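What follows is the residue order along each chain.
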Amino acid sequence: MISAVLGGMPMFWPGLLLSLAPAALLNRQVGRLLRAHWAVGFVLLLGLGGVVVATLLPEAFRLSEDAVRHCTVAGGRPRSPYELLHVRHIELKLATYAPVGFAAALAGTRRRAAVALLAAAALPFAVSVLHYALPVIGRTCDVQDVWDGVQGVVLGAVAGLPVGPVARALARQSWRRA
């Protein structure tokens, strides 16, 4: 299902592979910043790379010469669980934003996790602002995309919350060794 959606994005997989380099190089620093295990930093950076690749690269890798600023604000709403499980395009948005929410929920302290989750929830808004500000990439901002992105972050965070105590214990062990 997701592969059908990715058919119009030929640069998705190469872009995601390119995002492995910064994730591999910076994961320890991001982990320290979050007071979390380095693996949390890796997942966060890889997730952010996926968001950039899936949402900010021009569709079909061609810049739009006749780009117009456009933003759809009508009809935006949270999707029902049924819709989340049965709409193909939504699966990609959830899969794109969920790792960011998952990693944010695993930040070392509750305060850092709260800040990281707020920043992760703001990410879909920032992407839509960039869609509006950079019409040359051929993407339009849509309030429904923001809702879907926020829901992806929330679902990732919900999946990360039960893992949080284990991740915090691993982070404490790695801090004691360092």
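What you see is a predicted model, and the numbers here were worked out from it, not measured in a lab.

Things to note about the overall build of the chain
Part 1 of the argument: For the chain, the count of helices and strands is nine helices and two strands.
Part 2 of the argument: Secondary structure elements in the chain, listed N-terminal to C-terminal, are α-α-α-α-β-α-α-α-β-α-α.
Part 3 of the argument: Every one of the 178 residues in the chain was classed for burial, and the buried ones make up 39%.
Part 4 of the argument: Within the chain, contacts between residues at least 6 apart in sequence are counted, and of these 77% link residues at least 24 apart.

Looking at the packing of helix α7 (residues 110-133) against helix α8 (residues 143-160)
Part 1 of the argument: Contact geometry for α7 and α8: axes closest at 8 Å, N-to-C directions at 160 degrees. Taken together, the axes of α7 and α8 are roughly antiparallel relative to one another. Remark: the crossing between α7 and α8 carries right-handed chirality. Along the contact surface, α7 presents Leu117, Ala120, Ala121, Pro124, Phe125 and Ser128, while α8 presents Val146, Gly149, Val150, Val153 and Ala157.
Part 2 of the argument: Within the contact of α7 with α8, the residues separate by chemical class into nine nonpolar, two polar and no charged.

Re the confidence of the model for the chain
Part 1 of the argument: When pLDDT is averaged across the chain, the result is 80; 80% of the residues are at 70 or more.
Part 2 of the argument: The weakest mean pLDDT in the chain belongs to helix α1 (residues 2-6) at 52; the strongest belongs to α7 at 92.

Some thoughts on α7
Part 1 of the argument: For α7, with 24 residues, the first-to-last C-alpha span of 34 Å sits near the 34 Å given by 1.5 Å per residue.
Part 2 of the argument: At Leu123, α7 shows its maximal bend, which comes to roughly 30 degrees, and the proline Pro124 appears one to four places after that position.
Part 3 of the argument: Of the residues making up α7, those classed as buried are Ala113, Ala116, Ala120, Leu123, Pro124, Val127, Ser128 and His131.

Here's the deal with α8
Part 1 of the argument: The end-to-end C-alpha separation of α8 is 26 Å, in line with the 26 Å expected for 18 residues at 1.5 Å each.
Part 2 of the argument: Within the sequence span of α8, burial applies to Gln144, Val146, Asp148, Gly149, Val150, Gln151, Gly152, Val153, Gly156, Ala157 and Gly160.
Part 3 of the argument: Backbone nitrogen of Gln144 and a side-chain oxygen of the N-cap are separated by 3.1 Å at the start of α8; the cap is Asp142.

Quick look at the nonpolar core
Part 1 of the argument: Counting residues in each nonpolar core, the largest one holds 21 residues, and the members touching the most others are Leu34, Val40, Leu44, Val51, Tyr97 and Val100.
Part 2 of the argument: Every element with two or more residues in this core is listed here: α3 (20-34), α4 (38-56), α6 (88-105) and α7.
Part 3 of the argument: Broken down by element, this core gets its largest block of residues, five residues, from α7.
Part 4 of the argument: Excluding its chain neighbours within four sequence positions, the residues that come into contact with Val40 are Leu34, Ala103 and Leu106.

Re the side chain of His131
Part 1 of the argument: Mapped onto the secondary structure, His131 falls in helix α7.
Part 2 of the argument: We classify His131 as buried; its relative accessible area is 7%.
Part 3 of the argument: In contact with His131, not counting residues within four places along its chain, are Thr55, Leu56, Ile137, Arg139, Thr140 and Cys141.

Some thoughts on the side chain of Thr96
Part 1 of the argument: Of note, Thr96 is situated in helix α6.
Part 2 of the argument: In contact with Thr96, other than residues within four places in its own chain, are Gly47, Gly50, Val51 and Ala54.

Some points on a nonpolar patch on the surface
Part 1 of the argument: Judged by side-chain polarity, Leu130, Leu134 and Val136 come together as a nonpolar surface patch covering roughly 210 Å² of accessible area.
Part 2 of the argument: Of note, Leu134 is situated in the loop between α7 and β2 (141-142).
Part 3 of the argument: Judged by its relative accessible area of 39%, Leu134 falls in the partly exposed class.

A closer look at the packing of α4 against α7
Relative orientation and spacing of two packed helices are given, respectively, by the angle between their axes and the distance between those axes.
Part 1 of the argument: Here α4 crosses α7 at 30 degrees, and the two axes come no closer than 11 Å. Comparing their axes, α7 and α4 come out roughly parallel. In this structure, α4 crosses over α7, and the sense of that crossing is right-handed. Of the residues in α7, those touching α4 at Leu48, Val51, Thr55 and Leu56 are Leu123, Val127, Leu130 and His131.
Part 2 of the argument: Tallied by class, residues from the contact of α4 with α7 come to six nonpolar, two polar and no charged.

Conventions and cut-offs
Residues numbered from 1 in each chain as written. Predicted model: local features only at pLDDT ≥ 70, side-chain atom pairs only at ≥ 80, totals over all residues. Heavy atoms only, no water. Helix = DSSP H or I, 4+ residues; strand = E, 2+ residues; numbered from the N terminus. Buried < 20%, exposed > 50% of the residue type's maximum accessible area, 1.4 Å probe, protein only. Contact = heavy atoms within 4.5 Å. Axes fitted to C-alpha atoms, helices over the stretch in contact; angles between N-to-C directions. Parallel < 35°, antiparallel > 145°, perpendicular 65-115°, else oblique. Left-handed = near helix turned anticlockwise from the far one by under 90°. Nonpolar A, V, L, I, M, F, W, Y, C, P; charged D, E, K, R; others polar. pLDDT = per-residue confidence, 0-100. Expected span 1.5 Å × (residues − 1). Bend = angle between axes of the 7 residues up to and from the residue. Polar contact = N/O pair within 3.5 Å; in protein donor to acceptor, adjacent residues only side chain to side chain. Core = buried A, V, L, I, M, F, W, Y, C linked by side-chain atoms within 4.5 Å. Patch = residues over 30% accessible without salt bridge, like charges linked within 9 Å, V, L, I, M, F, W, Y side chains within 5 Å. Areas by Shrake-Rupley, 256 points an atom, 1.4 Å probe, with all protein chains shown as cover. Salt bridge = Lys/Arg side-chain N within 4 Å of Asp/Glu carboxyl O.

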